[in-house]
Amino acid sequence: GENVEQHPSTLSVQEGDSAVIKCTYSDSASNYFPWYKQELGKRPQLIIDIRSNVGEKKDQRIAVTLNKTAKHFSLHITETQPEDSAVYFCAAPSNTGKLIFGQGTTLQVKP
Amino acid sequence: NAGVTQTPKFRILKIGQSMTLQCTQDMNHNYMYWYRQDPGMGLKLIYYSVGAGITDKGEVPNGYNVSRSTTEDFPLRLELAAPSQTSVYFCAISRDRRYEQFFGPGTRLTVL
């Protein structure tokens, strides 16, 4: 069936440390993997995405890696800052037009 | 270019009342979605549409109805409001399921 599992559900790091969030998906036909950030009281917004023809993509302090064989992808945030504190969602498309979201990870960056 | 607009921003309903949440886009995207997000929880898909005249159920469709007569509009109808429908409702659009979803600002609904 269609499922995206996301771990951990909460993550607390010291400012300057790295944070890693992992997701696994079930639909082997999925080929697009976005990550969304939702600040408190705001709408989710895309921060980075990756397609299945590449294994890694970077954008400044954030990066996403994809392992299609194992059906998992991860978000890496380096040199974390307090403004990185938010809820992060991974997602993967189903073959029926839907985007399946993970359960979310609440990241807290302590100054 | 406003992207995705939702009205109203806030609403309080009494049990059994009805209302329509409006979603309008000016990006000419075919795909439109309705999600609900309960406090501290993730996004649950209510209904989605891949184009005008086509709608399909998501994960939690009970108690809701939608229509898609134009590319721009995708209203969500609550017929008999229940306290369990207290939530924040987000409308989203995308060019295709393999492209970025743009979310509206949300509607905060309370049913008392």
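In this text, all values refer to a predicted model and were calculated from it rather than measured experimentally.

### Some remarks on the side chain of Lys-37 of chain A
All names here are of chain A. Mapped onto the elements, Lys-37 comes out in strand β4 (residues 32–38). Separated by 3.5 Å, the side chains of Lys-37 and Glu-39 make a polar contact. Of note is the side chain of Lys-37, whose polar atom sits 3.0 Å from the backbone oxygen of Glu-83. Not counting residues up to four positions away in its chain, the partners in contact with Lys-37 are Arg-43, Pro-44, Gln-45, Ile-47, Glu-83, Asp-84, Ala-86, Val-87 and Tyr-88.

### So, the packing of aromatic side chains
One pass over the structure, following the stated rule, counts 15 aromatic pairs over all chains. Consider the rings of Tyr-25 of chain A and Phe-73 of chain A, whose centres lie 6.0 Å apart with planes at 55 degrees: the pair is tilted. Placement of Tyr-25 of chain A in strand β3 (residues 19–25) and of Phe-73 of chain A in strand β8 (residues 72–77) is noted, with a sequence separation of 48 residues between them. Relative accessible area serves as the criterion here: at 0%, Phe-73 of chain A is assigned to the buried category. Pairing Trp-35 of chain A with Phe-73 of chain A gives two aromatic rings, centres 5.6 Å apart and planes at 65 degrees, and the pair type is edge-to-face. With a gap of 38 residues between them, Trp-35 of chain A in strand β4 and Phe-73 of chain A in strand β8 connect regions that are remote in the sequence. Here the guanidinium or amino end of Arg-51 of chain A rests over the ring plane of Tyr-99 of chain B, the centre of that ring lying 4.6 Å away. When the ring centre of Tyr-99 of chain B is taken as origin, the NZ or CZ atom of Arg-95 of chain B, which lies over that ring, is 4.0 Å away.

Parameters and conventions
Residues numbered from 1 in each chain as written. Chains lettered and ligands numbered in written order. Predicted model: local features only at pLDDT ≥ 70, side-chain atom pairs only at ≥ 80, totals over all residues. Heavy atoms only, no water. Helix = DSSP H or I, 4+ residues; strand = E, 2+ residues; numbered from the N terminus. Polar contact = N/O pair within 3.5 Å; in protein donor to acceptor, adjacent residues only side chain to side chain. Contact = heavy atoms within 4.5 Å. Phe/Tyr/Trp six-rings, centres within 6.5 Å; stacked < 30°, edge-to-face > 60°. Buried < 20%, exposed > 50% of the residue type's maximum accessible area, 1.4 Å probe, protein only. Lys NZ or Arg CZ within 6 Å of the ring centre and 35° of its normal.

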